[in-house]
Amino acid sequence: MNKRAITEGVFLLGAVDWNRRLFDALIPLPDGTSYNAYLIRGSAATALIDTADPAKQHVLMDQLKDIARVDYLIANHAEQDHSGSLPQVAEKYPQAKIIATPKCKGMLVDLLQIAEERIQAVEDGQTISLGNKTLEFMYTPWVHWPETMCTYLKEAQILFSCDFFGSHYATTDLFVKNQTIVYEAAKRYYAEIMMPFRLVVRKNLDKVMARDIKMIAPSHGPIYDDPAFIMDAYADWVSEDVKNEVVLPYISMHGSTEAMVQYLTGALAERGVKTLLFDLAATDLGKLAIALVDAATMVVGTPTVHIGPHPAVFYAAHLANALRPKLRFASIIGSYGWSSKAIERITELIPNLKVEILPPVMCRGYPRENDFRALEALAETIAQKHAALS
Ligand code: FEO
């Protein structure tokens, strides 16, 4: 695809990666992604913001073939999906200065082996003039790494936000057309890479919301010409509010844990509590991450394997701990054949979750009447705890 104009003197470059299905060898990308770069032509100078993943470098270089001069190469973020083509772009424009935060400068040197003297570190709030256009650099750490910044084009009031507000969503739409689809893609991205830094993200959100912003141009997914849509969504995600929901990742080997999970789900529904079930034998972990953004409670369901929880549950509990969602309560249900340390092992896996642990229910063999009564009691406790939050 060729470069496309967004507004006077501002163009979208980069590539849509329709077929990428995994990011960082970890994060599922069911809808592909894009690596957006932006060319800004002022009356006196030209800047390029971000580049593209090395896998799509040829697309970006082709878009730049008719651009004779670029004066500034802005690196909002050092991760290679945005900076990976920077060495080749910098080689094409040997007079161009690379602009980055001081932390990003160090990372570009370490990760891409770019010569230090090519990179100019900028302060928070520093500006550069392109003649009739002005770029201001705003430090926004932890969206997604500690070195990240946004670039604000003052005259057009466009925020170039890199990962912040981004969505892994492959589309030819220049601007967001379907907010429902982009909402889910952006929430998945927030959950997977920014939720662990929620409080810092909230500060960054307040910082950028203090500006007049007509458009948000992220480096993944379509551009927001209605920026309130994504800023309101972020405000909700980073808030202290939790929803009357239980996230229930589980796995079952011979049906005992499945029976308990289904019983608890019904008992919660009868009390007006929504449950989101994730069978870890088949689930997209990105969906689980999305559910963790809002839920008040997580209940983990596991059979016992070699005394401890099932390895899939181990992984899911570790992931939840790493993502640090704003959960308030947690519990464990499941089964065992002769003995189990599943409760102890899972509890040890989630030290980052500042949750109250509600009484677990582990049954020996297939659940009996007393086990179902215990699940009924757990559902009642969860419903009461949730009611007390509102
Ligand atoms: Fe899209 Fe943190 O890179």
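Relevant structure appears above.
Not measured: the values here are computed from a predicted model.

Overview of the overall build of the protein chain
Tallying secondary structure elements over the protein chain gives 12 helices and 21 strands in all. Judged by the C-alpha coordinates and their principal axes, the protein chain covers about 80 × 40 × 35 Å. At a minimum sequence separation of 6, the contacts of the protein chain that also span at least 24 residues come to 73%. A total accessible area of about 15800 Å² is found for the protein chain, and carbon and sulfur atoms account for 52% of it. Both charge centroids of the protein chain, one from 38 positive and one from 45 negative side chains, sit 1 Å from each other.

Points about the side chain of Asp-371
Turning to its location among the elements, Asp-371 is positioned in helix 12 (residues 369-389). Buried Asp-371, no salt bridge; nearest opposite-charge side chain is Arg-368, N-O distance 5.0 Å. Residue contacts for Asp-371: discarding those within four places in its chain leaves Val-361, Cys-363 and Tyr-366.

Topic: the packing of aromatic side chains
Each aromatic ring pair is described using two quantities: the centre-to-centre distance and the angle formed by the ring planes. Scanning all chains against the criterion turns up 11 aromatic pairs. Aromatic side chains Tyr-183 and Trp-237 sit 5.3 Å apart centroid to centroid with 65 degrees between the ring planes, which places their arrangement in the edge-to-face category. Note that Tyr-183 is positioned in helix 5 (residues 179-194) and Trp-237 in helix 7 (residues 227-238), a separation of 54 residues in sequence. Judged by relative accessible area, Trp-237 falls into the buried class, the value being 0%. An aromatic cluster of at least three residues, connected via ring pairs, comprises Phe-164, Phe-165, Tyr-183, Tyr-190, Tyr-234 and Trp-237. If you follow Lys-3 out to its NZ or CZ, it ends over the ring of Phe-11, 5.9 Å from the centre.

Overview of the sheet that holds strand 14 (residues 215-218)
In space, the 5 strands of this open sheet follow the order 10-11-12-13-14, with mixed pairing throughout. Edge positions in the sheet fall to strand 10 (127-129) and strand 14, since each of these pairs with one other strand and no more. Strand-to-strand twist in this sheet, taken as the mean axis angle between neighbours without regard to direction, amounts to 20 degrees. Judged from the 3 bridges that link them, strand 10 and strand 11 (residues 134-139) form a sheet pairing that is antiparallel. The residue of strand 11 that forms the bridge with Ile-128 is Leu-135.

Remarks on the sheet that holds strand 1 (residues 4-7)
Here we have 7 strands laid out as an open sheet, ordered 1-2-5-6-7-8-9, and mixed in their pairing. The open sheet is flanked by strand 1 and strand 9 (119-121), the only strands paired with a single partner. In this sheet, adjacent strand axes meet at a mean angle of 30 degrees when their direction is disregarded. Of the strand pairs in this sheet, strand 1 and strand 2 (residues 10-17) are connected by 3 bridges, and their pairing is antiparallel.

A few points about the environment of Val-122
Position of Val-122 among the secondary structure elements: in the loop between strand 9 and strand 10. A sequence separation of 90 residues divides Val-122 from Asp-212, and the C-alpha atoms of the two residues are 22 Å apart. The residues touching Val-122, leaving out its near neighbours within four places in the chain, are Ile-99, Ala-100, Thr-101, Pro-102, Phe-137, Tyr-139 and Met-149.

Some remarks on helix 4 (residues 102-112)
The α-helix winds at 3.6 residues per turn, so residues separated by three or four positions along the chain end up facing the same way. Of all the positions in helix 4, only Cys-104, Leu-108 and Leu-112 are classed as buried. Buried residues in helix 4, looked at end-on, bunch into an arc of 45 degrees, giving them a common side. Relative to its buried face, helix 4 has exposed residues pointing more than 90 degrees away, namely Lys-103 and Asp-110. Immediately downstream of helix 4, the backbone of Gln-113 shows phi near 55 degrees, a positive value.

Description of the pattern of salt bridges
With the rule as written, the count across this model stands at 18 salt bridges. For Arg-198, the salt bridge is made with Glu-240, and the minimal N-O distance between the two is 3.1 Å. With Arg-198 in helix 6 (residues 198-209) and Glu-240 in the loop between helix 7 and strand 15 (243-250), this pair connects stretches of sequence that are 42 residues apart. The structure contains a network of salt bridges with shared partners spanning Lys-187, Asp-236, Lys-243 and Asp-294.

Things to note about the pairing of strand 8 (residues 97-100)
Bridge count between strand 7 (residues 72-74) and strand 8: 3 bridges; the pairing is parallel. When the bridges of strand 8 are listed, Ile-74 appears paired with Ile-99. In this structure, strand 8 lies alongside strand 9, joined through 3 bridges in parallel fashion. Directly across from Ile-98, in strand 9, lies its bridge partner Ile-119. The parallel pair strand 8 and strand 9, bridged by helix 4, forms a crossover whose chirality is right-handed.

What counts, and at which threshold
- Residues numbered from 1 in each chain as written.
- Predicted model: local features only at pLDDT ≥ 70, side-chain atom pairs only at ≥ 80, totals over all residues.
- Heavy atoms only, no water.
- Helix = DSSP H or I, 4+ residues; strand = E, 2+ residues; numbered from the N terminus.
- Contact = heavy atoms within 4.5 Å.
- Areas by Shrake-Rupley, 256 points an atom, 1.4 Å probe, with all protein chains shown as cover.
- Lys, Arg positive; Asp, Glu negative; His and termini not counted.
- Charge placed at Lys NZ, Arg CZ, Asp CG, Glu CD.
- Buried < 20%, exposed > 50% of the residue type's maximum accessible area, 1.4 Å probe, protein only.
- Salt bridge = Lys/Arg side-chain N within 4 Å of Asp/Glu carboxyl O.
- Phe/Tyr/Trp six-rings, centres within 6.5 Å; stacked < 30°, edge-to-face > 60°.
- Lys NZ or Arg CZ within 6 Å of the ring centre and 35° of its normal.
- Pairing = 2+ DSSP bridges.
- Axes fitted to C-alpha atoms, helices over the stretch in contact; angles between N-to-C directions.
- Arc of directions from axis to C-beta.
- Right-handed = clockwise from strand over helix to strand, strands pointing away.

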